[in-house]
Amino acid sequence: MEESAWAEFWAVGDSEQAVGGKHRDRLAGIWRDFFTALAPPVPLILDIAAGNGAAINVGWKTFSATDAATPLLIATDYSVAAVAGSLNGRNGVLGFASDAARLPIRDQSVSVAISQFGIEYAGLGAFEDAARILAPGGYFLSISHYTGGAIDAECAENARLLRAVDETGVQEAARRALASSYERRRRGDETPIDEAIESRLQTAFSNAAQTVREAPQSAAQQTLARFLGDLSTLITRRLAYQETDALGWVDGMASSLAAYGKRMNSMRDSALGADAIKRIETSFVAARLVDFSAEPLTLDPERPPAAWIIRARRSP
């Protein structure tokens with residue numbers, strides 16, 4: 001997926017949508033246990049496809065709370081905005097933008113390589129590259145999307161609802177109605193409302209609202225409910241806004257929702273099934289890593305697994 005869609009995602013701090021956000025403490029606990037168990041010294045920890053730095057931030061807090069020497073912490077991500085988010089307010093954390101499958105790092109030079117819902121987006125080659133850079137005695141741990149799991153299902157529902165609302169045509173109908181009103185105002189018409197255009201907008205808006213109202217609860221439902229609420233206010237008070245501001249908001253939301261849909265599809269495309277796990281294991285064995293494991297992670301006992309916890313290490 002293009003970098004611009006992810007740039008917007010991280011820039012607005014929306015990273016908890018459909019990536020286990022409500023289970024943030026549980027995920028942080030996994031990382032805390034992992035970092036605490038590392039035997040010193042640990043010279044360098046690299047967070048691959050770091051996103052907003054959720055994993056490396058736990059490492060930063062964990063090591064800062066001990067008397068042990070803090071490792072060099074580095075975050076890398078394809079998105080420059082994500083790297084900036086990883087570094088925000090974290091003294092001693094470095095970062096750079098890079099394709100996770102082509103890391104500009106020497107062979108066997110990284111003490112610990114980690115990733116949370118990130119490395120899998122770059123394809124299975126990214127796991128091979130992580131194995132390449134892992135130093136003797138080094139550890140690898142990733143929490144990665146699980147095909148057919150709970151987060152995968154959430155992404156599917158988000159994408160479905162986004163498509164359904166888009167198909168109502170509410171965004172285009174709103175833009176046309178707003179543009180018509182501003183044009184009529186410029187002409188000095190008695191009323192800024194074109195009844196035919198307004199009728200089509202009301203039908204589209206009603207259909208969109210019903211679609212959101214009847215959908216199962218999800219991150220996309222909450223986002224779309226806010227969008228429709230803000231859009232209703234804009235439509236009602238349209239003449240209180242400048243044309244460029246009103247139309248710019250509608251265009252911006254259309255772009256944001258389209259990018260959201262692309263992210264949901266990208267998350268689903270990146271999810272790992274049993275065949276992918278086997279291929280990762282094979283590549284790790286070929287790279288002479290040992291103690292490979294891939295365990296399903298269940299975040300909600302009443303739902304399917306949400307992720308894989310993938311581990312391996314290189315012998316000293």
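Rules and cut-offs
- Residues numbered from 1 in each chain as written.
- Predicted model: local features only at pLDDT ≥ 70, side-chain atom pairs only at ≥ 80, totals over all residues.
- Heavy atoms only, no water.
- Helix = DSSP H or I, 4+ residues; strand = E, 2+ residues; numbered from the N terminus.
- Buried < 20%, exposed > 50% of the residue type's maximum accessible area, 1.4 Å probe, protein only.
- Lys, Arg positive; Asp, Glu negative; His and termini not counted.
- Charge placed at Lys NZ, Arg CZ, Asp CG, Glu CD.
- Pairing = 2+ DSSP bridges.
- Axes fitted to C-alpha atoms, helices over the stretch in contact; angles between N-to-C directions.
- Contact = heavy atoms within 4.5 Å.

J.: Before we go on, may I ask you to explain the overall build of the chain in this structure?
T.: A count of helices and strands for the chain gives 11 helices and 7 strands. The principal-axis extent of the C-alpha atoms belonging to the chain is close to 80 × 40 × 30 Å. Out of the 316 residues belonging to the chain, those deemed buried represent 50%. Positive and negative side-chain charges of the chain, numbering 32 and 39 respectively, have mean locations separated by a distance of 2 Å.

J.: Explain the pairing of strand β7 (residues 307–314) here, please?
T.: Among the 8 residues in β7, 6 count as buried, and that is most of the element. Of the pairings in the sheet, the one linking strand β5 (residues 134–145) to β7 comprises 7 bridges and is antiparallel in character. Its bridge partner lying in β7, Ser 144 is registered against Trp 308. In terms of strand pairing, strand β6 (residues 289–297) meets β7 through 7 bridges, oriented antiparallel. Directly across from Glu 295, in β7, lies its bridge partner Ile 309.

J.: Looking at this model, I keep getting lost on the sheet that holds strand β2 (residues 72–77). Mind explaining?
T.: Where strands meet in a sheet, backbone hydrogen bonds hold them as pairs that are either parallel or antiparallel. If you walk across this open sheet you meet the 7 strands as β3-β2-β1-β4-β5-β7-β6, and the pairing is mixed. Strands with a single pairing partner mark the edges of an open sheet, and in this sheet they are β3 (93–97) and β6. Averaged over all pairs of adjacent strands, the angle between their axes in this sheet comes to 15 degrees, without regard to strand direction. Pairing of strand β1 (residues 44–48) with strand β4 (residues 110–116), which is carried by 3 bridges, proceeds in the parallel orientation. Residue pairing across strands places Leu 46 opposite Ala 113, the latter belonging to β4. Sheet strands in contact with helix α4 (residues 80–87) are β2 and β3, and its direction is about 180 degrees off that of β3.

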